[in-house]
Amino acid sequence: MHSRPARSRLTPLVALLSVMACARSDKPPATDSLIAAPAAAISATEPPVITIVATDFAYEAPDTISSGMVTLRLVNKGPELHHVSMMRLAAGKTFGDFDSAMKAMKPTDAPPEWMETVPGPNAPLPGGEQSLTQELSPGSYVLICFIPSADHVPHFAKGMVRHLTVIPATAPSAPAPVADVTVKMSDYAWAISPEITAGKHVIRLENSAAQPHEMFIAKLEKGKTALDAAAWSESPTGPPPAVPMGGVSAMAKGTIAYLPVDLTPGEYALLCFIPDMKDGKAHYHHGMMKTFVVT
């Protein structure tokens, strides 16, 4: 199953993501290194951490990493919001093939079958970070940002795309993280078990739906709801009703990933902006938005 890269982040995300960046934190990232810790400092039981630095409009990342369980850590150093979405290219396809295909695609076109949707960290506030752990198989991948700027041009069209090669590992893979919360995606909902409380958690994300879905997390301002955040994205008048908190980008059917979160008490919204395969409307129009309370 594949997402639709040419459409997945155009309006109304200009409002909800780009304009909400005005509420960003100015706290700098903890480290500038592309690898968060040297190999000797990482326990053999923990996945290696690969840091991807986002700026306006480019990624800094290793060219090659090993397959297996890997933690992708997105650090946003740009003034705009950025995420990491990924495409795994079928055998024999190159980054040049990907670039040519993207240039030839119309906004309403689905990607070719040789592009496989792979999730990555969703957009934190500028100056913040979000990690995601999953198992990556060997192959040729593309890191890409579909979020648009205020001019409605998606960031990949401004150069925010990068090739990544995943080579076969020479050592056993680390085990998956231990999760204490499970979120199951369906068409069109998230089932959370158990309820998320304040503090640090590791969420096991599972997509059993027919379509790709994302989970964009936003902390709601007092008295606001997920519907308010979705409506504001269509007509951005007045102050934004929520603050971006990261999450996971598009996950294909059968995908499993692990998302660390650290949430303070308050009300939160989950939103999916991926366009539906049938009518092209964002999934939140089909009811894929949820409000939950963290105590």
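Scroll up to find the structure this text is about.
The structure presented is a predicted model; accordingly, all values stated were derived computationally and were not measured. (Residues numbered from 1 in each chain as written. Predicted model: local features only at pLDDT ≥ 70, side-chain atom pairs only at ≥ 80, totals over all residues. Heavy atoms only, no water.)

This paragraph deals with the environment of Asp228. Relative to the assigned elements, Asp228 resides in helix H3 (residues 226-234). Put simply, Asp228 and Ala269 are 41 residues apart on the chain and 9.8 Å apart in space, counted from C-alpha to C-alpha. (Helix = DSSP H or I, 4+ residues; strand = E, 2+ residues; numbered from the N terminus.)

Burial in H3 covers these residues: Ala226, Ala229, Ala230, Trp232 and Ser233. For H3, the buried positions fall inside an angular range of 160 degrees around the axis, keeping them on one side. (Buried < 20%, exposed > 50% of the residue type's maximum accessible area, 1.4 Å probe, protein only. Arc of directions from axis to C-beta.)

Reading across from one edge, S14-S13-S16-S17 is the order of the four strands in this open sheet, with antiparallel pairing throughout. Where the open sheet ends on each side, the last strands, each with one partner, are strand S14 (242-251) and strand S17 (289-294). In this sheet, adjacent strand axes meet at a mean angle of 20 degrees when their direction is disregarded. (Pairing = 2+ DSSP bridges. Axes fitted to C-alpha atoms, helices over the stretch in contact; angles between N-to-C directions.)

Right, let's get into the side chain of Asn76. Looking at the element boundaries, Asn76 is found in strand S4 (residues 68-76). At a separation of 2.9 Å, a polar atom in the side chain of Asn76 contacts the main-chain amide nitrogen of Gly78. Apart from residues no more than four positions distant in its own chain, Asn76 is found in contact with Ala54, Leu81, His82, Pro124, Leu125, Pro126, Gly127 and Gly128. (Polar contact = N/O pair within 3.5 Å; in protein donor to acceptor, adjacent residues only side chain to side chain. Contact = heavy atoms within 4.5 Å.)

A word on the pattern of salt bridges. Under the counting rule described, the total for this entry stands at six salt bridges. For Arg88, the salt bridge identified is with Glu116, shortest N-O distance 4.0 Å. Taken as a pair, Arg88 in strand S5 (residues 85-89) and Glu116 in strand S6 (residues 115-118) lie far apart in primary sequence, 28 residues in all. The exposure class of Arg88 is partly exposed, given its relative accessible area of 23%. On the basis of relative accessible area, Glu116 is assigned to the partly exposed category, the value being 36%. Of the charged contacts in the structure, one is a salt bridge between Glu206 and Arg204, with a shortest N-O distance of 2.5 Å. (Salt bridge = Lys/Arg side-chain N within 4 Å of Asp/Glu carboxyl O.)

Moving on, we come to the environment of Ser193. Position of Ser193 among the secondary structure elements: in strand S11 (residues 189-193). Overall, the relative accessible area of 48% leaves Ser193 in the partly exposed class. Expressed as a C-alpha distance, the spacing of Ser193 and Asp180, which sit 13 residues apart in the sequence, is 8.8 Å. When neighbours within four sequence positions are excluded, Ser193 is seen to be in contact with Val181 and Thr182.

Here helix H2 (residues 95-104) has its buried residues at Phe98, Ala101 and Met102. Seen from one end, H2 has its buried residues packed into an arc of 100 degrees, which puts them on one side. Of the exposed residues in H2, the ones pointing more than 90 degrees away from its buried face are Lys103 and Ala104. Each element contacted by the buried residues of H2 is listed here: S5, S6, strand S8 (139-144) and strand S9 (161-167).

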